[in-house]
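Geometric and topological summary
Listed below are the residues making up each chain.
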Amino acid sequence: MQNSESDYRLEMTGISKSFGVVSVLKDVNLKVKPGEIHALLGENGAGKSTLIKILSGVHQKDSGQVLLNGQEINPKNTHDGQVLGISVVFQELSLVNDLSVAENIYLHKLGSSKFWMNWKEITQNAQELIDSLGFEIDASATVRNLSIVQKQVVEIAKALSEDTKVLVLDEPTTVFDPTDTKKLLNNLFKLRDKGISIIYISHHLEEVFKIADTITVLRDGVDTGSLTASETHTDHVIKLMIGRELKDLYPARNSKIGKTPIFEVKNLTAKDNLVHDVSFDVKPGEVLGVAGLGGSGRTEMAKLIFGLYKKKSGSLFLEGKEIKTQTPVQAVAHKIGFVSEDRKEEGVFLPMSIKKNISVTNFNFITNKLGFLKMDKEQENVSSLITKLNIKTPSSEIAVKNLSGGNQQKVALAKWLSIDSKVIIIDEPTRGVDVGAKIEIYNLINEVAEKGVGVIVISSDMPEIMGIADRIQVMHTGTIYGELPKEKFSEENILRYAIGKPLK
Amino acid sequence: MNATIKQQLSSPGGWLSFLIKYNTIFIFILLVIFSACISDVFFTSVNLSNLLKQVSGIGIISVGMLIVILTGGIDLSVGSMVALLAVTFAILVNLVILPLAILGTIAIGFALGSVAGYLVAYQKMAPFIATLALMTIARGLGFIYSNGSPIIFETKGGLFMSNFANNSLLGIPNIALVFFIIVIGAAIMLKYNVFGRLIIALGSNEEAARLSGIKVNKYKFLVYAISGALAATAAIIVASRTNLGSPNMGVSWELDAIAAVVIGGASLSGGKGTVVNTLMGVLILGLISNILNLLNVPSYPQQVVKGAIIVFAVLLQRFESK
C-alpha cells in the first residue's frame, strides 16, 4: 500500500478556500501517515469542516494540492472521494430514515450493481459489519426506529463498507455515553492497526489524548503546525486553539444553595414504564447533575417532567405546592424550562431571527391584551439578553442558522432566561460546542443558579458534569440508582452507579 | 425594513440582490409596464377595476391559504368551500335578514374549516388528505343543497349585496376594498401580533414550538378555521357579483391560491412567507390573465403561460436563497 516516494498516505499542502469575501482556510497543511490516528482540532468556525469537505469533494479548493499515496487528486463530489477511498462520517447524520440499516450501509452501491438485488446477502454483510464493530443493531431494522447512538454507528459502518484508506470522523462521540465511546475508540485502534489513516475531529480533548498519534490545530483558518500527541499536553493544545492561556474550564461555584427544595419529584413513573419510580429534589441555587449511560432514561425523564410524555403515577412539587404538567404548555406556565439535547430539531427555530427565537416563550410580558407586540419592549429584553449571554452577532435580526453551535445554544438558553424560569432542565448543555463557548455556557449556568433557579443538567460528558454540578444523580435502567455528593465525584463512581453496581 | 433596504442598496451589487430579494414586486412592476406598452386598453379605469374585481375572490382565499401554508399545512378545500358557501349565502339571503345571512355564512365557513383543523391538529391527519376529503364533501353538499342549479338572490338584501359588489368607492371597486382590508388586517396580525409569530414559529419547527410551551394544536386548528371563514367571505363576494350562488363556483381556485402564495415566495414546508408577497402573487396571476384576455389569447394557451410564470417565479427565488 505504501508509496515509496512518500511516508504519507495523505498530503494536503497550501490549501486555501474562500466563500465570497470570507477567507475560511489560508495556506493549510495536513499530512497523515498510513496507520495513524490524526486529530484535527480547533474551535467552531476554525475551518476544520471546510478542510474535510475539500478532502471529500463537497467543496473545491481555491489553491493548494491534495496528494493521496503520492498521486494528486481532485474529487469533484463525495462519490469521487469514496471511489478514491476517502470516507467521511459527518456531524449531520445523512441516513435515509425510511430505509433499512443494510440498505443505508450499501446505498452508494445500490445504483451501480446488478438489476436484481440480493437482499439476503446485503443484509447479511451489513449485519457482519455491525457485529464486527461490537454494537447490537439489527441490520434489517428501519433506520427511523433507531436511537441517535445507533444511527451514528450505522453511519460509521457505512463509511467502512468501502475499501476505505482514509476515514474521517467529525465529532463521532458527541451522542455516545462512555461505554459506547470506549467501544468506538477500540474499533478505531483496530482500523488503525489495519493501516487505515484516521482523521479524528473532536472537542473532547481527553478523548483525543487517549487515541491520537498526531494533533493538528486550526485557528481562524490557519494551521498552527502538527504536534506528536505524546509530546504535548491539554493546556498547550487549548492555548493553540483559542490563542490564549486558559485558567479554568469549569468556573468556581459560588452560588448560595437554599435549604428547602424549589422542585421535588416523587415516584414519577411513565405510562410506558421506560422511566419509573424517579424521586429527587433540586434546591434553589443548586446545579443538579444527572448522569447515566445512553438508554438509561435521562432524556426521557426530563421530557416526562416537562409534559412531553404521558405519566402513569407520581407527583411534582414546585416551591412546596403540587403541580401538574400534562403538557409542555403547563410546564412552561409553571416556569419550568427545558433545553433539548437536539438543538437543531427541538431547540431553536433555525430560519427565524435571534429576537423571535428568544421571545417565543415570553409573550405575556411583551404583548398587550389583544396580543399585539410591544416592539420596543421586546427589543429591549432581547438586546439585554444578547449582551448578557455574549451571543456573538451583529444584530438581533440575524437568523439563528447563521450562528455557530455555541451561540445557537445560548439562544436556546436565552428563551428560558427571558421568562425568569424557576427550574431549568438542560439536556447536554455543550454538545458540539467549542471550548471558548463551553466556558461561557458554564458561567451562564452558574449565574442562573446564583439567581436562585434550580438547574438540572443532564450530561454524558463526565468531566463536565463533575465540573459544574453540586450533586449528581446517576440513572440506570430508567430509574435513579444512586446519588453522589460532591466529595464522592469520580468517573469510577459515576460509572459504577451507571452500570448498576454499588460503590466500592 | 427601510434600514435593510438602504444597506443592501449601498453594498456592491446591491441593486441585483435587492431585485432578487423583492422579486415578486419586481415581476409585478415589469408586468404592469409590459401590459401598458402592449395594450392601449390596459390603463383604462374600466379595465383596472375589472382586474381588481376578478382577483378579489381568489385573493381573499389566498390570504387564508398563506396562513395555513405558514404552519406547514395546505388547504385544498377552499375552492369547493366557495361553491358550498356561495350556495349557502344565496339560500340564507332569501330566508333571513342580510346581516344574519352574512354572519351565518361566515360562521358556517369557520365551522367547516374547523372540521379540517380538528382532523389535522387533534387527529394528526395529513393536511393534504383532510382537506382533500373536505373538498369533495363541500362540492357535493353544494350540489345537494342547490339541486345542481344556481340559486338567484330574490330579496332586497340580495339586491343590496349585488349593488355593493358591483359599485366602487373613489374608483376602487367595493369588493377590492374588502380584499385590501383583509390583506392589511392579515399583514398586521402576522407582523405585529403574537398569532403571526406563533404560526410562523410552528411552521419553521413544530417540535421546538411544542417544547417552548406553545399551544401547537390550538394554532394548527385555528388556521384552518380562519381559512374557512375567509372562504366564506370570498363566497359572499363572488355570489353577490353575479347575484346568485352556484355549486360550480370556485372550481380549482385552491390551486390558484396555492400558486399565488408560492409565487409570493412562501415555502410549502412552512415558516416562510408574507402577506404583501402573497398579494403580489395574486396580482401577478390576475395581470397575466388580464393581459392575455386583452390580447385575445384563448384560454388554453393562457393556462400554459400561467404555468410557465409559476416555474419562472420559483426559479428566481432559488437565486434568493443562494
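These numbers were taken from a predicted model, which means no experiment stands behind them.

1. Some details on the packing of aromatic side chains
Under the counting rule described, the total for this entry stands at 10 aromatic pairs over all chains. With 5.3 Å between their ring centres and 75° between their planes, Phe42(B) and Phe43(B) make a pair best called edge-to-face. A residue is classified by how much of its surface remains accessible, and Phe43(B), at 53% relative accessible area, is exposed. Chaining the aromatic ring pairs together yields one cluster made of Phe306(A), Phe338(A) and Trp416(A). The residue whose ring lies beneath Lys183(A) is Phe135(A), and the NZ or CZ to ring-centre distance is 4.7 Å. Here the guanidinium or amino end of Lys266(A) rests over the ring plane of Phe317(A), the centre of that ring lying 4.6 Å away.

2. Considerations on the nonpolar core
Ile61(B), Met65(B), Val82(B), Phe89(B), Phe179(B) and Ile199(B) are the most contacted members of the largest nonpolar core, which totals 101 residues. Setting aside anything within four residues of it in sequence, one finds Val82(B) in contact with Ile61(B), Ala231(B), Ala234(B), Ala235(B), Val238(B), Gly250(B) and Trp253(B). Counting residues in each nonpolar core, the second largest holds 63 residues, with Ile354(A), Ile391(A), Leu413(A) and Ile480(A) among its members.

3. With respect to the pairing of strand E9 (residues 214–219) of chain A
The side chains of a regular strand alternate between the sheet's two faces. All names here are of chain A. Most of E9 is tucked away: 5 of the 6 residues are buried. Pairing analysis gives 4 bridges linking strand E3 (residues 37–41) to E9, with the strands arranged parallel. Pairing of Ala39 across the sheet is with Ile215, part of E9. Hairpin connection of E9 to strand E10 (residues 222–228): 2 residues between the antiparallel strands, including Asp220 at a positive phi of 50°.

4. Here's the deal with the domain arrangement of chain A
Residues and elements named next belong to chain A. Here chain A is partitioned into domain 1 (10–242) and domain 2 (284–297 + 334–498). Taking the mean C-alpha position of each, domain 1 and domain 2 sit 29 Å from one another. Of the residues lining the interface, 14 residues belong to domain 1; the matching set on domain 2 comes to 18 residues. Across the interface of domain 1 and domain 2, roughly 1,300 Å² is buried in total on both sides, 59% from carbon and sulfur atoms. Our count for the contact surface shared by domain 1 and domain 2 stands at 0 salt bridges. The interface formed by domain 1 and domain 2 includes 0 residue pairs in polar contact (both at pLDDT 80 or more). Taken together, the elements giving at least two residues each to the side of domain 1 that touches domain 2 come down to helix H7 (178–193) and helix H9 (234–242). Of the residues in the side of domain 1 that touches domain 2, the class split is 5 nonpolar, 6 polar and 3 charged.

5. Concerning the confidence of the model for chain B
Predicted confidence across chain B gives a mean pLDDT of 89, with 92% of residues reaching 70 or more. Counting contacts from residues 1–10 of chain B, a segment whose pLDDT is below 50, to residues more than four positions away or on other chains yields 10 contacts.

6. Re the sheet that holds strand E8 (residues 197–201) of chain A
All names here are of chain A. The strand order across the open sheet built from 6 strands is E6-E7-E8-E3-E9-E10, with neighbouring strands paired in mixed fashion. Looking at strand neighbours, the two that pair on one side only are strand E6 (86–89) and E10, the edges of this open sheet. Shown here is a sheet whose adjacent strand axes are inclined to one another by a mean of 15°, direction ignored. Contacting E6 and strand E7 (166–170), helix H6 (residues 148–160) crosses the sheet at an angle of about 175° to E6.

7. Thoughts on a nonpolar patch on the surface
Residues and elements named next belong to chain B. A cluster of nonpolar residues, Leu95, Val96, Ile97 and Leu100, forms a patch on the protein surface that exposes about 400 Å² of accessible area. Within the secondary structure, Ile97 sits in the loop between helix H5 (78–95) and helix H6 (98–121). Its relative accessible area of 60% is what places Ile97 among the exposed residues.

8. With respect to the UniProt feature "transmembrane region" (unreviewed entry) in chain B
Mapped onto this numbering, the UniProt entry annotates "transmembrane region" (unreviewed entry) at residues 20–43, 55–74, 80–113, 125–148, 168–190, 221–239 and 275–294 of chain B. Segment residues 221–239 of chain B splits into 100% helix and 0% strand. End C-alpha atoms: 27 Å apart.

9. Looking at H5(B)
Relative to the 26 Å expected for 18 residues at 1.5 Å per residue, H5(B) spans 25 Å between its end C-alpha atoms, a close match to the ideal helical length. In terms of burial, H5(B) is a largely internal element, 15 of the 18 residues being buried.

10. Things to note about the sheet that holds strand E13 (residues 287–292) of chain A
As a general point, the strands of a sheet are linked pairwise by backbone hydrogen bonds and lie either parallel or antiparallel. Residues and elements named next belong to chain A. With mixed pairing, 6 strands are arranged side by side in an open sheet as E16-E17-E18-E13-E19-E20. Among the strands making up the open sheet, the edge pair consists of strand E16 (336–339) and strand E20 (479–485). If you compare each strand with its neighbour and ignore which way they point, the axes differ by 20° on average. One ladder, built from 4 bridges, connects E16 with strand E17 (residues 423–427); its direction is parallel. Note that in E17 the partner of Ile336 across the bridge is Val423. Each of E13, E16, E17, strand E18 (454–458) and strand E19 (471–476) touches helix H10 (residues 298–305); the most contacted strand, E13, lies at about 135° to it.

11. Thoughts on the interface of chain B and chain A
Chain B puts 21 residues into the contact, and the matching count from chain A is 30 residues. For the chain B and chain A pair, buried surface summed over both sides reaches about 2,000 Å², with 68% attributable to carbon and sulfur atoms. For the chain B face of the interface with chain A, the top three residues by lost area are Arg197(B), Leu211(B) and Ser212(B), together amounting to 36%. Here Arg197(B) ties to Glu378(A) by a salt bridge, and the two come within 2.7 Å at their closest N and O atoms. The tally of links between chain B and chain A comes to 9 residue pairs in polar contact (both at pLDDT 80 or more). Those elements that provide at least two residues to the side of chain B that touches chain A are helix H9 (174–192), helix H10 (194–204) and helix H11 (206–211) of chain B. It is H10(B) that contributes the most residues to the side of chain B that touches chain A, 6 residues altogether.

12. Considering the pattern of salt bridges
Residue and element names in this part refer to chain A. As enumerated under the stated definition, the model contains 22 salt bridges over all chains in all. The salt bridge involving Lys422 is made with Glu319; its shortest N-O contact spans 3.3 Å. Separated by 103 residues along the polypeptide, Lys422 in the loop between helix H16 (405–417) and E17 and Glu319 in the loop between strand E14 (311–318) and strand E15 (321–323) bring together distant segments of the chain. Taking the shortest distance from any N to any O, the salt bridge between Lys392 and Glu440 comes out at 3.5 Å. Of this pair, Lys392 sits in the loop between helix H15 (375–388) and H16 while Glu440 sits in helix H17 (residues 435–450); the two residues are 48 residues apart in sequence, bridging distant segments of the chain. Linked through salt bridges whose partners overlap, the residues forming this network are Asp281, Lys283, Glu286, Arg471 and Glu483.

13. Side note on the packing of H6(B) against helix H12 (residues 216–242) of chain B
All names here are of chain B. Close contact between H6 and H12 brings their axes to 6 Å; oriented N to C, the two are set at 145°. By crossing handedness, the relation of H6 to H12 is classed as right-handed. The segment H6 lies against H12, with Ile102, Thr105, Ile106, Gly109, Phe110, Gly113, Ser114, Ala116, Gly117, Tyr118, Val120 and Ala121 engaging Asn217, Lys220, Phe221, Leu222, Tyr224, Ala225, Ile226, Gly228, Ala229, Ala232, Thr233 and Ile236. Partitioning the contact of H6 with H12 into residue classes produces 15 nonpolar, 8 polar and 1 charged.

About the criteria used
Residues numbered from 1 in each chain as written. Chains lettered and ligands numbered in written order. Predicted model: local features only at pLDDT ≥ 70, side-chain atom pairs only at ≥ 80, totals over all residues. Heavy atoms only, no water. Phe/Tyr/Trp six-rings, centres within 6.5 Å; stacked < 30°, edge-to-face > 60°. Buried < 20%, exposed > 50% of the residue type's maximum accessible area, 1.4 Å probe, protein only. Lys NZ or Arg CZ within 6 Å of the ring centre and 35° of its normal. Core = buried A, V, L, I, M, F, W, Y, C linked by side-chain atoms within 4.5 Å. Contact = heavy atoms within 4.5 Å. Helix = DSSP H or I, 4+ residues; strand = E, 2+ residues; numbered from the N terminus. Pairing = 2+ DSSP bridges. Domains from an automatic or database assignment. Buried area = accessible area lost by both parts, 1.4 Å probe. Salt bridge = Lys/Arg side-chain N within 4 Å of Asp/Glu carboxyl O. Polar contact = N/O pair within 3.5 Å; in protein donor to acceptor, adjacent residues only side chain to side chain. Nonpolar A, V, L, I, M, F, W, Y, C, P; charged D, E, K, R; others polar. pLDDT = per-residue confidence, 0-100. Axes fitted to C-alpha atoms, helices over the stretch in contact; angles between N-to-C directions. Patch = residues over 30% accessible without salt bridge, like charges linked within 9 Å, V, L, I, M, F, W, Y side chains within 5 Å. Areas by Shrake-Rupley, 256 points an atom, 1.4 Å probe, with all protein chains shown as cover. UniProt positions renumbered as here; feature names shortened; annotations may be inferred. Expected span 1.5 Å × (residues − 1). Left-handed = near helix turned anticlockwise from the far one by under 90°.

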